[in-house]
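Next come the chains, spelled out residue by residue.
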Amino acid sequence: MRNYQTMLNNGETLPIIGMGTYSGENDRETTERAIRTALKMGYRHFDTAKIYGSEQAVGNALRRAICDGLVEREDIHVTSKLWSSDHHDPVSGLHQTLQRLGMEYIDMYLVHWPVGLKPWVDYPIPAEEDFEEFDMENTWSGMERCLEMGLCRSIGVSNFSSRKIQDLLDFASVAPAVNQVYI
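The structure displayed is predicted, hence computed values, not measured ones.

Under the criterion given, the structure shown has one aromatic pair. Where tyrosine 22 meets tyrosine 52, the ring centres are 5.3 Å apart and the plane angle is 70 degrees; that geometry is what we call edge-to-face. Taken together, the residues span a long stretch of sequence, with tyrosine 22 in the loop between β3 (19-20) and α1 (28-41) and tyrosine 52 in the loop between β4 (45-47) and α2 (55-67) at a distance of 30 residues.

Okay, structure coming up:
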């Protein structure tokens, strides 16, 4: 696989083809084998999220591949996402992600959805009563702190409408590097 990349608005590069690691089964061994196979095929971008339950397997597989000399850390791109129940404290959310991954930083940290969820909601399909107000300005300020602290190299959003992005740009000091949209 050729390593096609694009340049982001902050000067970082992003491989345009990546491997998503969501699985309903969430079998760690299968995920680790799949990542190792993907690395051998040339994949260098791996996408995970707290809610996927795959961060530990992704981290294990990538660390093992680095130790085995299959790939250098600088040559891979790891994206993870802030779950909607953690919007009140993105820095703590990213610290937990880094701990699960066993990494010092990730390459891209995204606000997973432009909705707020109550703090205990840790499942992918919330019920109507699980939602609460989303303070986008406070959440984005926390995302910018993650960037300033060196916990990630880029920040962005996921599943945002163009209107929500425009609202974000009205107060953001750092513009989102991407809007990852599921299709």
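Take the pairing of strand β9 (residues 152-158) next. Among the seven residues that make up β9, six are buried, leaving the element largely enclosed by the rest of the structure. By the bridge criterion, five bridges tie strand β6 (residues 106-111) to β9 in an arrangement that is parallel. Residue valine 111 lies in a different strand from β9, and its bridge partner there is valine 157. Two elements, β9 and strand β10 (residues 179-180), share two bridges in a ladder whose sense is parallel.

Ordered in space as β3-β4-β5-β6-β9-β10, the six strands form an open sheet in which the pairing is parallel. Only two strands of the sheet have a single partner each, and these edge strands are β3 and β10. As defined by bridge partners, β4 adjoins strand β5 (residues 77-82) across three bridges and the pair is classed as parallel. Residue histidine 45 lies in a different strand from β5, and its bridge partner there is histidine 77. Packing of helix α3 (residues 90-101) onto the sheet brings it into contact with β5, β6 and β9, and relative to β6 it is tilted by some 135 degrees.

This paragraph deals with the layout of surface pockets. Volume-wise, the largest pocket comes out at about 280 Å³. If you go around the largest pocket, you meet 18 residues; those closest to its centre are Gly18, His45, Asp47, Thr79 and Gln180. Elements with a contribution of two residues or more to the lining of the largest pocket: β2 (13-15), β3, β4, β5, β6 and β10.

Side chains of Trp113, Val115, Phe131 and Tyr182 sit close together on the surface and give an oily, nonpolar patch of about 340 Å² of accessible area. Take tyrosine 182: it is sitting in the segment after β10.

What follows covers the side chain of threonine 139. Structurally, threonine 139 can be placed in helix α4 (residues 136-148). Threonine 139 sits in the buried class, given a relative accessible area of 2%. Aside from chain neighbours lying at most four places away, what touches threonine 139 is Leu82, His87, Pro90, Val111 and Phe134.

Thresholds, definitions, all that
- Residues numbered from 1 in each chain as written.
- Predicted model: local features only at pLDDT ≥ 70, side-chain atom pairs only at ≥ 80, totals over all residues.
- Heavy atoms only, no water.
- Phe/Tyr/Trp six-rings, centres within 6.5 Å; stacked < 30°, edge-to-face > 60°.
- Helix = DSSP H or I, 4+ residues; strand = E, 2+ residues; numbered from the N terminus.
- Buried < 20%, exposed > 50% of the residue type's maximum accessible area, 1.4 Å probe, protein only.
- Pairing = 2+ DSSP bridges.
- Contact = heavy atoms within 4.5 Å.
- Axes fitted to C-alpha atoms, helices over the stretch in contact; angles between N-to-C directions.
- 1 Å grid on protein atoms, 1.4 Å probe; cavity = no way out; pocket = protein on both sides within 12 Å on 5 of 7 lines; lining within 4 Å.
- Points joined across faces, edges and corners; volume = space filled by probe spheres on them.
- Patch = residues over 30% accessible without salt bridge, like charges linked within 9 Å, V, L, I, M, F, W, Y side chains within 5 Å.
- Areas by Shrake-Rupley, 256 points an atom, 1.4 Å probe, with all protein chains shown as cover.
- Salt bridge = Lys/Arg side-chain N within 4 Å of Asp/Glu carboxyl O.

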